[in-house]
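Spelled out, the chains give:
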Amino acid sequence: MSRPDRGTRAMHQALPPALRDAVDDFAEHLSRVRNRSAHTVRAYVTDLVSLLDHAVRMGCVDLAELDLSVLRSWLAKQRTTGAARTSLARRAASARAFSSWAHRAGLLPADVGAALASPRAHRELPSVLRADQAAALVEAPSRQAPPTNPPVESGRSAAAEAVPLRDRVLLELLYATGVRVSEACGLDVGDVDHGRRVIRVFGKGGRERSVPYGVPAQRALDDWLRRGRPPMVGARSGDALLLGARGGRLNPTTARQIVGAYAETAGLPRTSPHDLRHSAATHLLEGGADLRAVQELLGHSSLASTQIYTHVSVERLRAAYRQAHPRA
């Protein structure tokens, strides 16, 4: 089972053996059969352990006794403790997924979660940089010294000189392709097709897609592979494209710190790698890209996830109208 937090582990161990085994089997199903990421499995397990702990407190000692009233009671308790609508929607989805699996596995006489409704999650519009702000951010490593927050990574002088080249290619790829930070850090050298200017990305659920990038990103890649990566290579490098201070694959947490630090020193709003992903998608749509094409580039399984960027574009248009039109 994916390692949950300490509180969840304690609740998991306190469950009756049959319920504890059901949690473990469901986690195994998510990981091996559904090919879900460790992060997703951990979230499902946390929700499920909370649900079954609540069920036990209501007197359910056997999984077959789990019914819709217990699921609704659990969600109601989450609501009274201040859970956000997005959290309630996710927890309801976790309960439905478990109920469906348990019914197919013969652990539940009926799929009791199928009738479980969840509140519609309120989706705030994502934070998006203007095109000039995004350009200033990705060019920052070429114009300024590596930011001191986080501290410049220590190491050999040649490796230290390579850090701005690494930072530049990281920022260029995040904005040019709109990939997730975990996908960027997971890239290998062989995933870059220089001839076609395309990278091969493995997204959520191990789904593979090809994403194009532009000339500025190609220049940054060429500089990094020719002058930056060689002095940073170590025993732990393997085929990783982006490397950390000790020669291993660049960690997504460090990548987030890099993006945030350059944005701060450049005088930009607080910015994360996901904000660059939002910005890339919005700028593509504003430039006339087809919504389906943007969906494919971002690796969204549902078009609904991509449609939020059309709302962002409309809001930006409204803001420009209000600012510029004399009768706004």
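Residues numbered from 1 in each chain as written. Predicted model: local features only at pLDDT ≥ 70, side-chain atom pairs only at ≥ 80, totals over all residues. Heavy atoms only, no water.

1. Quick notes on helix H4 (residues 68-80)
Then comes step 1: Along its 13 residues, H4 runs 18 Å from first to last C-alpha, staying within 8% of the 18 Å computed at 1.5 Å per residue.
Then comes step 2: Listed as buried for H4 are Leu68, Val70, Leu71, Trp74, Leu75 and Gln78.
Then comes step 3: Against the buried residues of H4 lie helix H3 (38-57) and helix H5 (85-104). (Helix = DSSP H or I, 4+ residues; strand = E, 2+ residues; numbered from the N terminus. Expected span 1.5 Å × (residues − 1). Buried < 20%, exposed > 50% of the residue type's maximum accessible area, 1.4 Å probe, protein only. Contact = heavy atoms within 4.5 Å.)

2. Overview of the side chain of Ser94
Then comes step 1: Structurally, Ser94 is set in helix H5.
Then comes step 2: If we skip the residues at most four places from it in the chain, Ser94 touches Tyr44 and Asp47.

3. Topic: the packing of aromatic side chains
Two numbers describe a pair of aromatic rings. These are the distance of the centres and the angle of the planes.
Then comes step 1: On inspection of all chains with the given rule, the structure shows four aromatic pairs.
Then comes step 2: Taking 5.4 Å as the distance between ring centres and 80° as the angle between the ring planes, the aromatic pair formed by Phe26 and Phe98 counts as edge-to-face. Placement of Phe26 in helix H2 (residues 17-33) and of Phe98 in helix H5 is noted, with a sequence separation of 72 residues between them. For the residue pair Phe26 and Phe98, the accessibility class agrees, reading buried in each case.
Then comes step 3: Look at Phe26 and Trp101: their rings are 5.4 Å apart centre to centre, the planes differ by 50°, and that puts the pair in the tilted class. Linking Phe26 in helix H2 with Trp101 in helix H5, this pair joins segments that are 75 residues apart in sequence. With respect to burial, Phe26 and Trp101 carry one shared label: buried.
Then comes step 4: Taken together through their ring pairs, the aromatic side chains of Phe26, Tyr44, Phe98 and Trp101 make up a single cluster. (Phe/Tyr/Trp six-rings, centres within 6.5 Å; stacked < 30°, edge-to-face > 60°.)

4. Focus: the environment of Pro141
Then comes step 1: As for its placement among the helices and strands, Pro141 is situated in helix H6 (residues 131-143).
Then comes step 2: Classification of Pro141 by relative accessible area gives buried; the value is 6%.
Then comes step 3: Sequence separation between Pro141 and Asp167 is 26 residues; the distance between their C-alpha atoms is 6.4 Å.
Then comes step 4: With residues up to four places along the chain from it excluded, the contact list for Pro141 reads Pro164, Asp167, Arg168, Leu171 and Tyr262.

5. A word on the confidence of the model for the protein
Then comes step 1: The share of residues in the protein with pLDDT of 70 or more is 87%, and the mean pLDDT across the chain is 86.
Then comes step 2: The low-confidence segment residues 149-156 (pLDDT under 50) makes 16 contacts with residues lying over four places distant or belonging to another chain. (pLDDT = per-residue confidence, 0-100.)

6. What to know about the pattern of salt bridges
Side-chain pairs of opposite charge can arise whenever the charged atoms involved come near each other.
Then comes step 1: With the rule as written, the count across this model stands at 13 salt bridges.
Then comes step 2: One salt bridge connects Arg91 with Asp47, and the closest N-O pair in it is separated by 3.9 Å. Here Arg91, found in helix H5, pairs with Asp47, found in helix H3; they are 44 residues apart in sequence, far enough to count as distant. With respect to class, Arg91 is no different from Asp47; both count as buried.
Then comes step 3: Put simply, Arg249 and Asp188 hold a salt bridge, and the shortest N to O gap is 2.6 Å. Of the two residues, Arg249 is situated in the loop between helix H9 (215-232) and helix H10 (252-265) and Asp188 in the loop between helix H8 (181-185) and strand S1 (192-193); the sequence distance between them amounts to 61 residues.
Then comes step 4: Overlapping salt bridges, with partners in common, bring together Asp47, Arg90 and Arg91 in one network. (Salt bridge = Lys/Arg side-chain N within 4 Å of Asp/Glu carboxyl O.)

7. Describing the pairing of strand S2 (residues 198-202)
Then comes step 1: Pairing geometry for S1 and S2, over two bridges, is antiparallel. Each bridged residue has a counterpart across the sheet, and for Val192 the counterpart in S2 is Ile199.
Then comes step 2: Hairpin connection of S1 to S2: four residues between the antiparallel strands, including Arg197 at a positive phi of 55°.
Then comes step 3: Sheet analysis places S2 next to strand S3 (residues 208-212), joined by five bridges and oriented antiparallel. (Pairing = 2+ DSSP bridges.)

8. Observations regarding the nonpolar core
Then comes step 1: The biggest cluster of nonpolar side chains holds 42 residues, and the ones touching the most others in it are Leu137, Ile199, Trp224, Leu241 and Leu276.
Then comes step 2: Elements represented by at least two residues in this core include exactly H6, helix H7 (157-177), H8, S2, H9, H10 and helix H11 (273-286).
Then comes step 3: Ranked by residue count, the leading element in this core is H7, at eight residues.
Then comes step 4: Membership of the second largest hydrophobic core comes to 32 residues, among which are Leu15, Ala27, Val41 and Leu116. (Core = buried A, V, L, I, M, F, W, Y, C linked by side-chain atoms within 4.5 Å.)

9. Considerations on the packing of H3 against H4
In helix packing, the relevant descriptors are the interaxial angle and the interaxial distance, both defined with respect to the helix axes.
Then comes step 1: Two numbers describe how H3 lies on H4: the axes approach to 10 Å, and their chain directions differ by 110°. It follows that H3 is roughly perpendicular to H4 by the angle criterion. Side by side, H3 and H4 meet where Asp47, Ser50, Leu51, His54 and Ala55 of the first sit next to Val70, Leu71, Ser73, Trp74, Lys77 and Gln78 of the second.
Then comes step 2: Looking at the contact of H3 with H4 residue by residue, the class counts come to five nonpolar, four polar and two charged. (Axes fitted to C-alpha atoms, helices over the stretch in contact; angles between N-to-C directions. Parallel < 35°, antiparallel > 145°, perpendicular 65-115°, else oblique. Nonpolar A, V, L, I, M, F, W, Y, C, P; charged D, E, K, R; others polar.)

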